[in-house]
Amino acid sequence: MANSNGTAGLTLLLIALSGGDAAWAADCVRIEDAETRACCERILPEHTMRQEISMAVVDDQGTIRDFAAELAWKRFDDGRVRARIDLTAPPRDQGKIVLLTEREQKEASEFREPEVVLYQPRERRDRLLSVTALSGDLLGTDFSYEDFSHFYGTTSDNNIQRLEDATLDERAVMVLQSTPRDPQAAYDRGSTYSRIVSYIDREQCVPLKTLFFEDQDEPVKALIAKRERIRQSGGRWVPYEMVMHDHDDGSRTILTIEGIEFDPEIRDSFFSRSSLKRGR
């Protein structure tokens, strides 16, 4: 099967947190495989996206912790991508903000690396996360900071290979595998995954299942879209409920999209570090 251009990176995986689209938006034109590129172009927003989401984290004892957040994504005029996650619940976490920024490439051959900033309202300050922190869980969920960097297209240090097509739950799917172009360099920058495999519905262009591997033959995480919760919004198919399973500790995070808006007006300054103290 065809390999896509390595510059497309993990953004090609259509991770469902972005409604199955935003993470592609900077890279559609660079995808070499024609069917994959067409799928990408069908679902991406032109410039921006907003979401309201809720998350229920269920540990291995059945204890549930609930979170809510507002997400914003934008592709800037220079092609770089930025994303912002504002926690709105529970009260103890309200006002926390995660800002994901795609760093500027000085050379065309350079990898796109994410910059992740965490704002703590109680301290009234933000801090740049170290590479070792990127693999840690994001605000107590089963998603890591690295996961969100990949989901929102702020990193692309990977090769994408289209594997043999398959059938999943009686649906025809494309199978995409992402691997680091430079495994040691990726590890040095805080990446934990040796490969990521996604099963993309060929008709709806929605990721039905995504598997995350470290060095083992079995995945350490699996992101599953609830088929009965996939529906159209703005002419695009959107998975409104997904579950991230962490196989290492037996926990899972149920993520529900409560609302989604494509291409709303969002000012550039909303994605700056200086804006974090002002909240939304």
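Above this text you will find the structure in question.
Computed from a prediction, not measured in an experiment: that's the story for all the values here. Position labels on residues start from 1 in each chain and follow its written sequence. A pLDDT threshold of at least 70 governs which residues receive local features in this predicted model, and a stricter bar of 80 or more applies before side-chain atom pairs are shown or counted, although totals over entire chains, interfaces and linings include all residues. With hydrogens and water excluded, all non-hydrogen atoms of the structure serve as input to the side-chain values.

### Remarks on the overall build of the protein chain
Formally: Helix and strand definitions follow DSSP, with helices as H or I runs of at least four residues and strands as E runs of at least two, each counted in order from the N terminus. We call a residue buried when its accessible area falls under 20% of the maximum for its residue type, exposed when it is over 50%, and partly exposed in between, using a 1.4 Å probe and counting protein chains only. The contact rule is simple, with two residues in contact once any of their heavy atoms fall within 4.5 Å. In these tables, accessible area is a Shrake-Rupley quantity obtained with a 1.4 Å probe, and a residue counts as shielded only by the protein chains included in the view.
A tally of helices and strands in the protein chain yields three helices and 17 strands. Here the protein chain holds 280 residues, and the buried ones make up 54% of them. In the protein chain, once contacts between residues fewer than 6 apart in sequence are set aside, the share between residues at least 24 apart is 54%. Of the accessible surface of the protein chain, which amounts to about 12300 Å², a share of 43% is contributed by carbon and sulfur atoms.

### Some words on the pairing of strand E17 (residues 251-262)
We apply this condition: Only when DSSP finds a minimum of two bridges between them are two strands counted as paired.
Relative to E17, strand E2 (residues 48-58) runs antiparallel, the two being bridged by 10 bridges. The residue of E17 that forms the bridge with Gln51 is Ile260. Taken together, the six bridges between strand E16 (residues 241-246) and E17 define a ladder with antiparallel strand orientation. The partner of His245 across the bridge, within E17, is Arg252. From the end of E16 to the start of E17, which pair antiparallel, there are four residues, and Gly250 there has a positive phi angle of about 75°.

### Here's the deal with the nonpolar core
Put simply, the rule reads: Residues belong to one nonpolar core when they are buried, are Ala, Val, Leu, Ile, Met, Phe, Trp, Tyr or Cys, and are joined through side-chain atoms within 4.5 Å.
Judged by nonpolar contacts, the single largest core of 32 residues is most densely connected at Ile53, Phe212, Leu255, Ile257 and Ile260. Secondary structure elements with two or more residues in this core: E2, strand E3 (64-75), strand E4 (81-89), strand E5 (97-102), strand E6 (114-120), strand E13 (221-225), E16 and E17.

### Concerning the state of the cysteines
The cut-off we apply is this: Any cysteine sulfur atom paired with another within 2.5 Å is treated as part of a disulfide.
One pass over the full model with this rule turns up one disulfide. Bridging Cys39 to Cys205, the disulfide has an S-S length of 1.8 Å. Between Cys39 and Cys205, the S-S torsion sits near -135°, and that sign places the bridge as left-handed. Of this pair, Cys39 sits in helix H1 (residues 34-43) while Cys205 sits in the loop between strand E11 (195-201) and strand E12 (207-213); the two residues are 166 residues apart in sequence, bridging distant segments of the chain.

### Quick notes on the packing of aromatic side chains
Formally: Ring geometry is summarised as follows: Phe, Tyr and Trp rings, the Trp one being its six-membered ring, pair when their centres sit within 6.5 Å, and such pairs are stacked at plane angles under 30 degrees, edge-to-face over 60 and tilted between the two. Only when the NZ atom of a Lys or the CZ atom of an Arg is both within 6 Å of the ring centre and within 35 degrees of the ring normal do we say a charge sits over the ring.
Taken as a whole and assessed by the stated rule, the structure comprises three aromatic pairs. Ring centres of Phe76 and Phe271 lie 6.0 Å apart, and the angle between their planes is 80°; this geometry places the pair in the edge-to-face category. Here Phe271 lies in the segment after E17 and Phe76 lies in the loop between E3 and E4, a separation of 195 residues in the sequence. Their ring planes at 45° and their centres at 5.2 Å tell us that Tyr193 and Phe212 sit as a pair that is tilted. Within this pair, whereas Tyr193 is found in the loop between helix H3 (183-188) and E11, its partner Phe212 is found in strand E12, the two being separated by 19 residues in sequence. Accessibility assignment for this pair places Tyr193 and Phe212 in one class, buried. Put simply, the rings of Phe76, Phe270 and Phe271 pair up and form one aromatic cluster. Positioned over the ring face of Phe270 is Arg50, at 5.4 Å from the centre of the ring. The positively charged end of Arg236 is found above the aromatic ring belonging to Phe262, 4.2 Å away from the centroid.

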